[in-house]
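Examination of the molecular architecture
The residues making up each chain are set out below.
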Amino acid sequence: PPSPPSPPSSPPPPLAFIIDGGGSPIAWIIPLVFGLLFLFAVLFLGLHIWRESGGQPRLWMHYTFSHSNPQISPFYLPADARQRLQDEMAAARAERDKMRDYDDGNEQPLLAVVPPDGPDGAPPREDEPLAPRSADFGSPEAGGAPGGGAG
């Protein structure tokens, strides 16, 4: 007599079984690697769009996904309007580059301590000591009482 048919194969183990360590580490490493690669690709695409658009990704999207063929209606934009978008993005990139170049070639810091004006409204002279700040009036170093009042 013919041999009986083999029993059906068992279904694959549930996800909890794989996570608990019963399955192969490949089962979770490969999706993790592909997920991280996808996240990095999305991040770098966003950074690329931000850089190319000069900080205006909406203009970049509008320019990139439009065309100037009047025979095709979807996403149509006249050539002069597309040129204006491109010029706006170029101006934004130039402004960004100008600020970066200003910081690189400038010896003066962008932020500096500005001395307070004297009682007559003029800035203090170089040899004149600065007046204490209002928060220093109560400190012992400024000659005031520790409680904030003059002692």
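Our structure's up above, just so we're on the same page.
We now turn to the structure provided with this report. (Residues numbered from 1 in each chain as written. Predicted model: local features only at pLDDT ≥ 70, side-chain atom pairs only at ≥ 80, totals over all residues. Heavy atoms only, no water.)

A few points about the overall build of the chain
- Summing up its helical and strand segments, the chain has four helices and zero strands in all.
- Helices (α) and strands (β) of the chain occur, in sequence order from the N terminus, as α-α-α-α.
- Per-residue burial over the chain gives 11% buried out of 151 residues.
- Contacts in the chain between residues at least 24 apart in sequence constitute 26% of all its contacts with a sequence separation of at least 6.
- About 12700 Å² of surface is accessible on the chain, with carbon and sulfur atoms providing 65% of the total. (Helix = DSSP H or I, 4+ residues; strand = E, 2+ residues; numbered from the N terminus. Buried < 20%, exposed > 50% of the residue type's maximum accessible area, 1.4 Å probe, protein only. Contact = heavy atoms within 4.5 Å. Areas by Shrake-Rupley, 256 points an atom, 1.4 Å probe, with all protein chains shown as cover.)

Some words on the nonpolar core
- Core analysis: the biggest nonpolar cluster contains seven residues, these being Ile49, Leu59, Trp60, Leu77, Ala81, Leu85 and Met89.
- Contributing elements (two or more residues each) for this core: helix H3 (57–64) and helix H4 (79–105).
- Here the element with the most residues in this core is H4; it accounts for three residues. (Core = buried A, V, L, I, M, F, W, Y, C linked by side-chain atoms within 4.5 Å.)

Focus: the packing of aromatic side chains
- For the structure on display, the rule yields one aromatic pair.
- Relative to Phe65, the ring of Trp60 has its centre 6.4 Å away and its plane inclined at 85°; by these criteria the two rings are edge-to-face.
- Cation over ring: Arg82 sits above Tyr63, and NZ or CZ is 4.5 Å from the ring centre. (Phe/Tyr/Trp six-rings, centres within 6.5 Å; stacked < 30°, edge-to-face > 60°. Lys NZ or Arg CZ within 6 Å of the ring centre and 35° of its normal.)

Observations regarding the pattern of salt bridges
- Applying the stated criterion across every chain yields a total of two salt bridges.
- When the shortest N-O distance is used, the salt bridge between Asp80 and Arg84 registers 3.9 Å. Here Asp80 and its partner Arg84 are both found in helix H4, four residues apart, which amounts to about one turn of the helix.
- When the shortest N-O distance is used, the salt bridge between Arg96 and Asp97 registers 3.4 Å. (Salt bridge = Lys/Arg side-chain N within 4 Å of Asp/Glu carboxyl O.)

Regarding helix H2 (residues 26–53)
- In this model, H2 (28 residues) spans 40 Å end to end at C-alpha, consistent with the 40 Å of a helix rising 1.5 Å per residue.
- Positive phi appears at Gly54, one or two residues downstream of H2, with a value of about 70°. (Expected span 1.5 Å × (residues − 1).)

Concerning the side chain of Ser66
- Relative to the elements of secondary structure, Ser66 occurs in the loop between H3 and H4.
- Separated by 3.0 Å, the side chains of Ser66 and Arg82 make a polar contact.
- If near-sequence neighbours (up to four positions away) are discounted, Ser66 is found in contact with Phe75, Leu77 and Arg82. (Polar contact = N/O pair within 3.5 Å; in protein donor to acceptor, adjacent residues only side chain to side chain.)

These results come straight from atomic positions and should not be treated as a statement about function.
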